[in-house]
Amino acid sequence: MAFLHSPQPNLGISAEPASPARTKFFLNDGSPRNVRVWMAIILGIGLAVRMTLILVNSHSAQYGGEPYNIALSLANHGTYADVFGSGSGPTAHISPALPIILALIIRVAGTGPAGHLVNSTLAAIVAATAFALLPALAVKCRLGMLPGVTAGLVGAALPINYWAQTAGYWDAPYAMLG
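Calculation notes
Residues numbered from 1 in each chain as written. Predicted model: local features only at pLDDT ≥ 70, side-chain atom pairs only at ≥ 80, totals over all residues. Heavy atoms only, no water. Phe/Tyr/Trp six-rings, centres within 6.5 Å; stacked < 30°, edge-to-face > 60°. Helix = DSSP H or I, 4+ residues; strand = E, 2+ residues; numbered from the N terminus. Buried < 20%, exposed > 50% of the residue type's maximum accessible area, 1.4 Å probe, protein only. Expected span 1.5 Å × (residues − 1). Arc of directions from axis to C-beta. Core = buried A, V, L, I, M, F, W, Y, C linked by side-chain atoms within 4.5 Å. Contact = heavy atoms within 4.5 Å. Axes fitted to C-alpha atoms, helices over the stretch in contact; angles between N-to-C directions. Parallel < 35°, antiparallel > 145°, perpendicular 65-115°, else oblique. Left-handed = near helix turned anticlockwise from the far one by under 90°. Nonpolar A, V, L, I, M, F, W, Y, C, P; charged D, E, K, R; others polar.

### Structural notes on the packing of aromatic side chains
Part 1 of the argument: Evaluated as defined, the whole model comprises two aromatic pairs.
Part 2 of the argument: For the ring pair Tyr-68 and Tyr-169, a centre distance of 5.0 Å and an interplane angle of 85° mean the geometry is edge-to-face. Taken as a pair, Tyr-68 in helix H3 (residues 66-77) and Tyr-169 in the loop between helix H8 (162-166) and helix H9 (172-177) lie far apart in primary sequence, 101 residues in all.
Part 3 of the argument: A residue is classified by how much of its surface remains accessible, and Tyr-68, at 7% relative accessible area, is buried.
Part 4 of the argument: An angle of 50° between the planes, with centres 6.3 Å apart, marks the rings of Trp-163 and Trp-170 as tilted.

### Let's talk about helix H7 (residues 145-157)
Part 1 of the argument: The end-to-end C-alpha distance of H7 is 18 Å, a good match for the 18 Å that 13 residues give at a rise of 1.5 Å each.
Part 2 of the argument: Among all positions in H7, only Met-145, Gly-148, Val-149, Gly-152, Gly-155 and Ala-156 are buried. All buried residues of H7 project into a common sector of 140° when viewed along the axis, lining one side.

### Some points on the nonpolar core
Part 1 of the argument: Tyr-68, Ala-71, Ala-75, Leu-98, Leu-102, Ala-103, Ile-106, Val-126, Ala-167, Tyr-169 and Tyr-174 together form the largest nonpolar core, which totals 11 residues.
Part 2 of the argument: Those elements that place two or more of their residues in this core are H3 and helix H4 (97-109).
Part 3 of the argument: Sorting elements by how many residues they give to this core places H4 first, with four residues.
Part 4 of the argument: The contacts of Tyr-174, once residues within four sequence positions are left out, are Leu-98, Ile-101, Leu-122, Ala-123 and Val-126.
Part 5 of the argument: Ranked by size, the runner-up nonpolar core spans five residues in total, among them Val-35, Met-39, Met-145 and Val-149.

### A short note on the packing of H3 against H4
The relative placement of two packed helices comes down to the angle between their axes together with the axis-to-axis distance.
Part 1 of the argument: H4 packs onto H3 with a crossing angle of 55° between their chain directions and a minimal axis gap of 8 Å. Judged by the angle between their axes, H3 and H4 are oblique. Judged by the twist between their axes, the crossing of H3 over H4 is right-handed. Of the residues in H4, those touching H3 at Pro-67, Tyr-68, Ile-70, Ala-71, Leu-72, Leu-74 and Ala-75 are Leu-98, Pro-99, Ile-100, Leu-102, Ala-103, Ile-106 and Arg-107.
Part 2 of the argument: Across the contact of H3 with H4, the residue classes break down as 13 nonpolar, no polar and one charged.

This is the structure we're talking about:
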């Protein structure tokens, strides 16, 4: 009780800043090493959350729309066509990156559950990577690491757009990297 009678009680709260070793690792230092550490942590969280949700809540057999239709046409006929179904003809409706990736997956893993798991896993990796890049982006924009780490952790841990980020048939996760 003696601390109550002193002019400046010591309640365990220091007026001096925390040691540089503690604050550097936490968020104040945008050094490349610390950015990489936070990126790895966010990537791990993002992958763990998305892969758990993929395995627990397997998507139904209803596959994606336009990008998947073009991928089927590329894989089966070698044409960038049939965006709205078989026989709808050539198209420029969708950028070519995702249909080409999906066509390669269809050729390797097929259109069944194995192909679907590969598509879902790739989309989860891409979405988690996009969130993991936010600390580096924040440091590059001279915002400090706090906004990037906060946004990355929230985005990685709370997949609000879960279906779009894990189905693998839409370009939303890939657009985050663009």
